[in-house]
Structure formats: structure tokens, C-alpha cells
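# Inside the fold
Residues per chain, in single letters:
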Amino acid sequence: MGDWLRELTDAKVVALHPERQPDGRRAAVGQAMRVRNEVAAFERRWPTPQQGEAVPAFTWTQLERQLADLADSPVKSAMAKDLVSALRKMSQFKPPEMVLREILCMSWALLDEGFQPELDSPASP
């Protein structure tokens, strides 16, 4: 886990956006603490293994493109961009295996035929 996140949660202080009110700071600290707890629980369950053969590298854009292509509806395809964006932002605070697990969960959700989200736009048919 990144030292920045550890320091942030230990000090319980965040000044990422000075224009935010104290409630925003509390929410940011709360989110950081939740991520820290999730990472700690993950690392307890799956300690870092000995070195193994690495998987081939790919980009976030490639991941987004493939998830969008695998999705079975235009709405799910559009969701892939937001899901990958959110994961990309949080990935710096998580171990690689945890990021892999989240990619697999995104794939499962996008491929689940029983999950058919509605488009919230008033312009949708």
C-alpha cells in the first residue's frame, strides 16, 4: 500500500482540495480508510506470493476496449469506460492481485446476462 495513503489515514487529515468544507475532508479520509482496510484484508487473505511468471502487459485503454466489446448491450458497453476509469484511479493504492480481482469482477458484471442496467438519459428509447 502506498505510503501516502498510510500517512493520510494515520494522521486522519487530508488537504487535497482546500476549497472543500470539513465534511468533504472527513469523507475523503473515510474513503481512504475504507480502501486501506480493504487492502489490508486482501493482503491477509492472499499474502504476496514468491516471484512467478508475469502476465503480458496491456494498457487501460486496451482493457476498456475489450470489456466494452465483450458487453452484451450498449449500456453495459458504455459502463466499461466508467468502471475502468474508477479502477485506474484506485489502482495506485491496491496491490496488483487486488486490481486483477477487480478486473475479473468487472468482467463478470458486464457479461452477466441477468444484469441489464437501464440508461438514465431522457433521450433513451
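These notes cover the structure that comes with them. Note that the structure is predicted; figures quoted are calculated from it, not measured. (Residues numbered from 1 in each chain as written. Predicted model: local features only at pLDDT ≥ 70, side-chain atom pairs only at ≥ 80, totals over all residues. Heavy atoms only, no water.)

### Focus: the overall build of the protein
Rules: Counting from the N terminus, the helices are the DSSP runs of H or I reaching at least four residues and the strands are the DSSP runs of E reaching at least two. Using a 1.4 Å probe on the protein chains alone, a residue whose accessible area is under 20% of its type maximum counts as buried, one over 50% counts as exposed, and one in between counts as partly exposed. Note on definitions: a residue-residue contact is assigned when non-hydrogen atoms from the two residues lie within 4.5 Å. Per-residue and other accessible areas follow the Shrake-Rupley method at a 1.4 Å probe size, with only the shown protein chains counted as cover for residues.
A tally of helices and strands in the protein yields 5 helices and 0 strands. Along the chain direction, N to C, the helices and strands of the protein fall in the order α-α-α-α-α. Within the span of the protein, comprising 125 residues, buried residues form 24% of the whole. Across the protein, the fraction of contacts at a sequence separation of at least 24, relative to all contacts at a separation of at least 6, is 69%. Just so you have it, the protein exposes about 9,400 Å², and 56% of that area is on carbon and sulfur atoms.

### Some details on the packing of helix α3 (residues 60-70) against helix α5 (residues 96-111)
Cut-off, in case you're wondering: Every axis corresponds to a line fitted to the C-alpha atoms, with the helix fit spanning only the stretch in contact, and the corresponding angles, defined between N-to-C directions, vary from 0 to 180 degrees. Throughout this description, any angle smaller than 35 degrees is read as roughly parallel, any larger than 145 degrees as roughly antiparallel, any in the 65 to 115 degree range as roughly perpendicular, and the remainder as oblique. Handedness of a helix crossing follows the sense of rotation of the near helix relative to the far helix, less than a right angle counterclockwise being left-handed and clockwise being right-handed. Three classes are used, and their members are as follows: Ala, Val, Leu, Ile, Met, Phe, Trp, Tyr, Cys and Pro are nonpolar, Asp, Glu, Lys and Arg are charged, and the others, Gly among them, are polar.
Relative orientation of the contacting elements α3 and α5 amounts to 25°, with a least axis distance of 9 Å. Relative to α5, the element α3 lies roughly parallel. When you trace α3 past α5, the crossing you get is right-handed. Touching Trp60, Leu63, Leu67 and Leu70 of α3 are Val99, Ile103, Met106, Ser107, Leu110 and Leu111, all from α5. Considered class by class, the residues forming the contact of α3 with α5 number 9 nonpolar, 1 polar and no charged.

### A word on α5
Think of an α-helix as turning once every 3.6 residues; residues three or four places apart then point the same way. Spelled out, the test is: Multiplying 1.5 Å by the residue count of a helix minus one yields the expected span of that helix.
In this model, α5 (16 residues) spans 23 Å end to end at C-alpha, consistent with the 22 Å of a helix rising 1.5 Å per residue. Within α5, burial applies to Met98, Val99, Ile103, Met106, Ser107 and Leu110.

### Quick notes on the packing of α3 against helix α4 (residues 74-91)
For the pair α3 and α4, interaxial distance at closest approach is 8 Å and the crossing angle is 150°. Considering their axes alone, α3 and α4 lie roughly antiparallel with respect to each other. Pair α3 / α4 crosses with right-handed handedness. On α4, the residues touching Trp60, Leu63, Glu64, Leu67 and Ala68 of α3 are Ser77, Ala80, Lys81, Val84, Leu87, Arg88 and Ser91. Split by residue class, the contact of α3 with α4 holds 7 nonpolar, 2 polar and 3 charged.

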